[in-house]
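Each chain, letter by letter, is given below.
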Amino acid sequence: MLKITNVRKSFNKNEILKGVDLTVEKGDVVVILGPSGSGKTTLLRILDFLETADSGELEFDEIKTPFVHANKKTILNVRRKTGFVYQNYNLFANKTALENVMEGLVTARKIPKDQARQIAENALKKVGMLDRKNYYPSQLSGGQQQRVGIARAIAPNPDVVLFDEPTSALDPELVGEILSVIKELAKEGTTMIIVTHEMSFAEEVASQVIFMDGGVVVEKGTSQEIFNHPKEDRTKQFLQRVLKNVEYVI
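**Q** Which residues make up the nonpolar core, and what values go with them?
**A** In globular proteins that are soluble, nonpolar side chains generally tend to be buried together. Counting 48 residues, the largest nonpolar core has Leu33, Ile150 and Phe163 as the members making the most contacts within it. Beyond its immediate chain neighbours, meaning those up to four positions away, Leu33 contacts Lys40, Thr196, Met199, Ala202, Val209, Ile210, Phe211, Met212, Phe227 and Phe238. Within the second largest apolar cluster, 30 residues are counted, among which are Val30, Phe49, Ala53 and Phe84.

Listed below in structure tokens is the structure:
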């Protein structure tokens, strides 16, 4: 379904991604783990052409292109197949929850307003926000704003939803409500790529876990393999540090 090969990216002389490969099949929940600065968010943004890769190739169903040669039409086609959930919500402050979800449907996808309204209301209902459809972002908690952000991402029924640390900007007591929404999407078979620091959540939902460090994929495998039987010393060190009470033989 989705495959990237040998993706590289530098900012000035700092090489952030050093030849990353990734394959995602329909229905997969791919969780990307790693320390800050490992290249996780950059990789996710490159997938949606929010950043420009220096090299590498993309295959996404019928789309096949080197990243650097992707034209506007190709980029638009990729974005129509993806939904993106941002760390900091990225909602329009002057639009209601409903209008925020409708905006991309009407402007980017040219869906008639009445139809877009119905689609948006269905998406808000799915994330438990239909009763607040007429609220503005300033009237919503961080968790509620992020649920609107998820509704916006899933409303067009994309082939894959990209989550960039969707709970990182939330107070701890609000994290659970967002993770619950994502778990429900996983149960429904939504294809997702999730960058997160929530380890127990990752272990529960992931069909594939990728551990990145220093701009490379250090190790990948099933949730069971990575969390219970990691092979690489760097993976073991990372998990020991973030899981505290877990020990591996290094």
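That covers the picture; the talk isn't over yet.
**Q** Describe the sheet that holds strand β1 (residues 2–11), listing the residues and the values that go with them.
**A** A sheet is described by the order of its strands in space; here four strands give the open sequence β2-β1-β4-β5, paired in antiparallel fashion. Each of the sheet's edge strands pairs with one partner strand only, and the pair in question is β2 (14–24) and β5 (63–66). Taken over all neighbouring pairs, the strand axes of this sheet differ in orientation by 15° on average, direction set aside. Contacts from helix α1 (residues 40–47) reach β1 and β2, with the element oriented near 120° to β1. Sheet strands touched by helix α2 (residues 72–80): β4 (55–60) and β5. Its angle to β5, the strand with the most contacts, is close to 125°.

**Q** So what's going on with the environment of Ser138? Which residues, and what values?
**A** Within the secondary structure, Ser138 is located in the loop between α4 (113–126) and α5 (142–154). The sequence separation of Ser138 and Ala123 amounts to 15 residues, and the corresponding C-alpha distance is 20 Å.

**Q** Just give me the short version of helix α9 (residues 233–243), but keep the residues and values in it.
**A** Considered for burial, the residues of α9 that qualify are Thr235, Lys236, Phe238 and Leu239. In an axial view of α9, the angular spread of the buried residues amounts to 165°, which keeps them on one side of the axis. Looking at the buried side of α9, the elements it contacts are β3 (29–33), α7 (199–205), β9 (208–213), β10 (216–221) and α8 (223–228). A positive backbone phi angle near 65° is found at Lys244, which sits one or two residues after α9.

Each value, and the rule that gives it
- Residues numbered from 1 in each chain as written.
- Predicted model: local features only at pLDDT ≥ 70, side-chain atom pairs only at ≥ 80, totals over all residues.
- Heavy atoms only, no water.
- Core = buried A, V, L, I, M, F, W, Y, C linked by side-chain atoms within 4.5 Å.
- Buried < 20%, exposed > 50% of the residue type's maximum accessible area, 1.4 Å probe, protein only.
- Contact = heavy atoms within 4.5 Å.
- Pairing = 2+ DSSP bridges.
- Helix = DSSP H or I, 4+ residues; strand = E, 2+ residues; numbered from the N terminus.
- Axes fitted to C-alpha atoms, helices over the stretch in contact; angles between N-to-C directions.
- Arc of directions from axis to C-beta.

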